[in-house]
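Structural characterization, general
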Amino acid sequence: MRLRSVFALAAAFVVCVVTTPLAAAQDLLIPMDDQQENHLKAYGAVYAALQDGRTVDWLLNHRGGAFLAEASDAVRQELQVRGVTFTPVSAGRASKIIAEVEADGSNKSVVPLEKAPEIAVYAPDGAVPWDDAVRLALEYAEVPHDVIYDEEVLNGDLASYDWLHLHHEDFTGQFGKFIRYRNEPWYIQKQNRAEAAAEEFGFRKVSQLKLAVAERLKQYVAQGGFLFSMCSGTETFDIALAAHQTDIVPEEYDGDPVDPNALDQLDFSNTLAFRDFTPNLNAREYEHSNIDVGPPPPEMRDPSLDYFTLFEFSAKWDPVPSMLTQNHAATVKGFVGQTTAFNEDVLKEDVVVLGEAPDRPQVRYIHGTHGQGTFTFYSGHDPEDYQHFVGDPPTDLSLHPKSPGYRLILNNILFPAAKKKKQKT
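Everything in this summary refers to the structure shown in the same document. Just so you know, the residues in each chain are numbered from 1, in the order the chain's sequence is written. In keeping with the model being predicted, local features are shown solely for residues with a pLDDT of at least 70 and side-chain atom pairs are shown and tallied solely at 80 or more, while totals for entire chains, interfaces and linings include all residues. Hydrogens and water molecules were not included; the side-chain quantities draw on all heavy atoms of the structure.

**Section: unusual backbone geometry**
For residues that are not glycine, phi is negative in most cases, and the peptide bond is trans in most cases. Phi is positive for F175, close to 55 degrees, though the residue is something other than glycine. Inspection of the secondary structure puts F175 in the loop between β8 (163–166) and α6 (185–200). With a phi angle near 50 degrees, C231 is a residue other than glycine that sits in the positive phi range. Helical segments are the DSSP runs of H or I of at least four residues, strand segments are the runs of E of at least two, and each set is numbered from the N terminus. One can find C231 in the loop between β9 (226–230) and α8 (232–242).

**Quick notes on α8**
With 11 of its 11 residues buried, α8 lies for the most part within the structure. The contact rule is simple, with two residues in contact once any of their heavy atoms fall within 4.5 Å. On the buried face of α8, the contacting elements are β8, α7 (206–222), β9, β12 (342–343) and β15 (373–378). Buried means the residue's accessible area, taken with a 1.4 Å probe over protein chains only, is under 20% of the maximum for its type, while exposed means over 50%, and partly exposed covers the values in between.

**Brief notes about the pairing of β15**
Most of β15 is tucked away: six of the six residues are buried. Residues G373, F375 and F377 line one face of β15 and the alternating positions T374, T376 and Y378 line the opposite face, and both faces are buried. Strands qualify as paired when DSSP identifies two bridges or more between them. Two strands pair when backbone bridges link them, and β9 and β15 are joined in this way by five bridges, in the parallel orientation. Counted as the bridge partner of F226 is T374 from β15. With six bridges joining them, strand β14 (residues 362–370) and β15 adopt antiparallel strand pairing. If you follow Y365 over to β15, its bridge partner there is Y378.

**A few points about the packing of aromatic side chains**
Two rings from Phe, Tyr or Trp (for Trp, the six-membered ring) form a pair when their centres sit within 6.5 Å of each other. Planes less than 30 degrees apart are called stacked, planes more than 60 degrees apart edge-to-face, and all others tilted. Using the criterion set out here, one finds 22 aromatic pairs in the structure. Residues F268 and F277 carry aromatic rings whose centres are separated by 4.9 Å and whose planes lie at 75 degrees to one another, so their mutual orientation is edge-to-face. Through pairs of rings, three or more aromatic residues link up here, namely F175, F178, Y181, W186, Y187, Y253 and Y286. Sitting over a ring, as applied to charges here, requires NZ of Lys or CZ of Arg to be within 6 Å of the ring centre and within 35 degrees of the ring normal. Above the face of the Y140 ring, K41 is positioned so that its terminal group lies 4.5 Å from the ring centre. Of note, R364 hangs over the ring of F335, and the distance from its end group to the ring centre comes to 5.0 Å.

**Brief notes about helix α11 (residues 404–414)**
A large share of α11 lies buried, amounting to 11 of its 11 residues. Along α11, the residues that are buried comprise P404, G405, Y406, R407, L408, I409, L410, N411, N412, I413 and L414.

**A word on the side chain of D33**
Locating D33 in the fold gives a position in the loop between β1 (27–30) and α1 (39–51). Here a polar contact means two N or O atoms within 3.5 Å. Within protein one must be a hydrogen donor candidate and the other an acceptor candidate, and residues neighboring in sequence count only if both atoms are side-chain atoms. At a separation of 3.0 Å, a polar atom in the side chain of D33 contacts the main-chain amide nitrogen of Q35. Excluding residues that lie within four positions of it along the chain, D33 makes contacts with H39, R63, G64 and H328.

**As for the packing of α7 against α8**
Between N-to-C directions, angles span 0 to 180 degrees; the directions come from axes that are lines fitted to C-alpha atoms, helices contributing only their stretch in contact. Running from amino to carboxyl end, α7 crosses α8 at an angle of 105 degrees, the nearest separation of the two axes being 9 Å. Looking at the two axes, α7 sits roughly perpendicular to α8. For the pair formed by α7 and α8, the contact residues are L211, A214, E215, L217 and K218 on the first element and F237, A240 and L241 on the second. When residue character is reported, Ala, Val, Leu, Ile, Met, Phe, Trp, Tyr, Cys and Pro are called nonpolar, Asp, Glu, Lys and Arg charged, and the others, Gly included, polar. Split by residue class, the contact of α7 with α8 holds six nonpolar, no polar and two charged. Throughout, the term roughly parallel applies to angles under 35 degrees, roughly antiparallel to angles over 145, roughly perpendicular to angles from 65 to 115, and oblique to all others.

**Some thoughts on the nonpolar core**
For soluble globular proteins, the rule of thumb is that nonpolar side chains tend to be buried together. If you look at the biggest cluster of nonpolar residues, it comprises 62 residues, and the most contacted ones within it are F67, L113 and Y378. Of all the elements, α1 adds the most residues to this core, at eight residues. When residues no more than four places from it in sequence are discounted, the contact partners of F67 are L28, L29, I30, M32, Y43, V46, V56, D57, W58, L113 and L414. Counting 53 residues, the second largest nonpolar core, distinct from the first, contains A194, L266, I366 and F375. Nine residue types can take part in a nonpolar core, namely buried Ala, Val, Leu, Ile, Met, Phe, Trp, Tyr and Cys, and a core is a set of them joined through side-chain atoms within 4.5 Å.

Next up, the structure:
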């Protein structure tokens with residue numbers, strides 16, 4: 001079912017800096033630096049403009065990745081209702097801004113956004129939106145999206161979508177390695193549903209079903225899809241693909257033992273982002289593999305000290321990583337997840353690092369291509385909940401409208417809307 005957020009007009013408050021009479025304004029500048037009051041809602045307003053068939057210019061590296069939109073009543077109303085800061089500008093002023101951004105000596109660029117991408121989230125029935133940062137971001141920004149799962153993937157529905165997010169799924173078929181919760185009702189329900197789905201599609205066990213799904217998702221990317229994932233959905237995806245010729249699942253999860261030659265039979269040519277990693281074959285250890293370097297020891301877990309930095313790319317030479325890293329802050333707060341940070345030593349050579357933890361051999365945000373499409377992996381669970389536990393209350397994004405960590409998620413949903421530009425050579 002397509003999820004559409006409903007916003008209350010009466011609760012909206014517009015923050016609008018008027019420097020030009022509205023009648024004379026030709027464009028609306030939406031700053032994304034510290035002057036913006038609600039960075040996250042701004043993405044939703046831009047998405048709504050694209051849905052209405054309007055083109056919006058993304059000004060890379062200009063005022064935090066500002067947007068320049070047509071000064072129509074519809075766009076202005078969307079911005080006002082959502083409480084997004086904007087400035088009406090004349091045609092002459094807009095031309096000067098474009099010229100400044102496109103100047104040869106600037107590390108800036110104009111990227112036209114032309115079409116609102118069709119968006120889906122891969123998540124099971126019963127998965128609550130507040131347990132997934134991406135669904136929280138989409139709902140808060142009021143970006144419509146579908147929720148699909150194994151049935152839709154295996155039945156060929158992926159072709160309907162431009163952009164797909166993987167919920168915190170365990171593609172290895174080990175139910176998140178949450179064996180400590182095996183007597184909890186939610187775990188039992190999850191296992192029963194997964195086993196029933198495997199049987200329905202003709203698979204003997206859940207790991208085989210999840211591998212088939214992972215292979216379809218990989219094919220989706222190869223055919224031009226944009227794949228985004230966070231936390232364990234990143235790591236387990238590549239583990240499942242590497243183990244396509246063997247069995248790495250302990251008996252506690254699937255009723256039969258691990259293949260004694262499993263580690264020798266891993267096929268890293270079949271993965272997207274990682275290579276030469278070692279899956280954790282101990283059923284009672286929470287970690288999936290050494291792809292994840294894990295959170296700091298408990299005594300060192302200090303949100304005020306844990307952070308990562310974004311790379312600054314050339315907007316003219318590297319527009320894709322530039323789009324994905326647009327932000328009003330170069331430093332982003334760290335946050336823990338089942339997959340907290342990626343081990344730099346197991347990255348494939350062609351993977352682009354977008355964000356890394358300083359002075360540590362770990363990266364937090366990566367991007368790559370496969371076939372005609374792309375994948376972006378973002379480690380950790382929730383950018384505004386440092387150490388999220390099962391059963392914790394949801395994050396209220398109205399308290400974090402300027403979140404740099406959540407902005408990285410929303411950069412990704414606009415990335416597929418960009419008009420393809422010829423690479424400078």
